[in-house]
Amino acid sequence: MTFLSYFNSQFSLAQNLDFCFRMVLACACGAAIGVERSRRFKEAGIRTHIIVCCAAALIMMISKYGFADLTNPDGSVFNGIRGADPARVAAQVVSGISFLCAGVIFKNQGTVKGLTTAAGIWVTAGIGLAVGAGMIVPALFATVLVSLLQILMHRFAIGADAYCAIRLQFTVRNGYDFNGALERQLETWGAQVTESKVTRSIEGGTTDYDLTIRRRDEITYDEFKQFTTEREEILSASNSPIR
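Computed from a prediction, not measured in an experiment: that's the story for all the values here. All residue numbers refer to position in the chain's written sequence, counted from 1. Reporting in this predicted model follows two pLDDT cut-offs: at least 70 for local features of residues, and 80 or more for side-chain atom pairs to be given and counted; totals over whole chains, interfaces and linings ignore these cut-offs and use all residues. With hydrogens and water excluded, all non-hydrogen atoms of the structure serve as input to the side-chain values.

> Would you take a moment to explain the overall build of the chain for this structure?
A run of DSSP states H or I qualifies as a helix once it reaches four residues; a run of E qualifies as a strand once it reaches two. Both are numbered from the N-terminal end. Counting its regular elements, the chain contains eight helices and six strands. Reading the secondary structure of the chain in the N-to-C direction produces α-α-α-α-β-β-α-α-β-α-β-β-α-β. A total of 243 residues make up the chain; the buried ones form 34% of that total. Contact definition: two residues touch when any of their heavy atoms are within 4.5 Å. Partitioning the intrachain contacts of the chain with sequence separation of at least 6 by distance along the chain shows that 71% fall at a separation of at least 24. Relative accessibility decides the category of a residue: with a 1.4 Å probe and only protein chains considered, values under 20% of the type maximum give buried, values over 50% give exposed, and everything between is partly exposed.

> How should the pattern of salt bridges be read in this particular structure?
Between side chains of opposite charge, a pair can form as their charged atoms come close. Should a side-chain nitrogen of Lys or Arg be within 4 Å of a carboxyl oxygen of Asp or Glu, the pair is scored as a salt bridge. Under the defined criterion, the tally for this structure stands at four salt bridges. Two residues, R215 and E223, come together in a salt bridge whose shortest N-O distance is 3.0 Å. A salt bridge links R231 to E233, with the nearest nitrogen and oxygen atoms 2.9 Å apart. We classify R231 as partly exposed; its relative accessible area is 23%.

> So what exactly am I meant to see when it comes to the nonpolar core here?
Considering soluble globular proteins, one finds that nonpolar side chains tend to be buried as a cluster. Here, nonpolar core means buried Ala, Val, Leu, Ile, Met, Phe, Trp, Tyr and Cys residues that are tied together by side-chain atoms lying within 4.5 Å of each other. Core analysis: the biggest nonpolar cluster contains 32 residues, and M23, L58, I62 and M135 have the highest contact counts within it. Every element with two or more residues in this core is listed here: helix 2 (13-39), helix 3 (46-65), helix 4 (88-102), helix 5 (115-132) and helix 6 (136-155). With nine residues, helix 3 is the single largest residue contributor to this core. Residues contacting M135, with those up to four places away along its chain left out, are F11, F19, M61, I62, Y65, G66 and A130. Among the nonpolar cores identified, the runner-up in size contains 16 residues, and V172, L182, A191 and F227 belong to it.

And the structure:
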C-alpha cells in the first residue's frame, strides 16, 4: 500500500474538508461567546473561548470517527478486537489533562493568569489524540488554526485582552473629598475598576485605597504625577502594572 492510498483509506477529501469546517465553525461560536465575556472584563476572554471550543470539536470528532480504521468496509470489526473499547484510554487523556491544565492557572492581585495557556495544553492533547487516531488532516489543520489565532490575537488584541491591569494605592486624609476626585480621574483616564478595597483608620483619620483597574494603556508617570500633586489630601500614592 502506498502512502497516498493509506492516507485516503480512512477519510475522503470531502470528509476532511468537513472536519476542518467544523473546527472553523466551533472557533466562530467560541469567539461569539468570548466577545461578550471580554466586554465584561472577565478573565476567560476571546482567545480562551476559541481554543476550548476548537478543542472540544476536535475531540468530539475523534470520538465519532477516530476508530474508523478498526472496521472493515462492510462495517464489521477486525478479528481480535471484538468486545474491546478502543476509546477508553483516549477518554482518560481528556479528563487527565485537565489536572495538568489546572496547574498553570493562578491568581495574582485580582487577575487570573494562565487560562489561555491551560486551554492551549488541552487543545494540544486533542491534537495528539487526533494524530494517534490517524486523523492527520484535522490534526494538522487544528495546529495551524490555533497557532495562527494565537499569533494574530496577541498582535491585534480584542476586548479585555487589549487592556492593561494596573494596581493603584492611595493613602489620603479626607476620603469624602477624594472619592469624587478619584471617580472623575478614572473617567478621564478611560479606566474601569475591577477590584477595590477601602480601609478607614479611625485613629489616624486616614483612608487607604487599593484599586485594580483596567485601561487601554499603562498610566504614564506624568499622568499619575499630575493627579497626585493636584490633590493635597493624598499622603502617599503608588501605581504599578500587574503582569
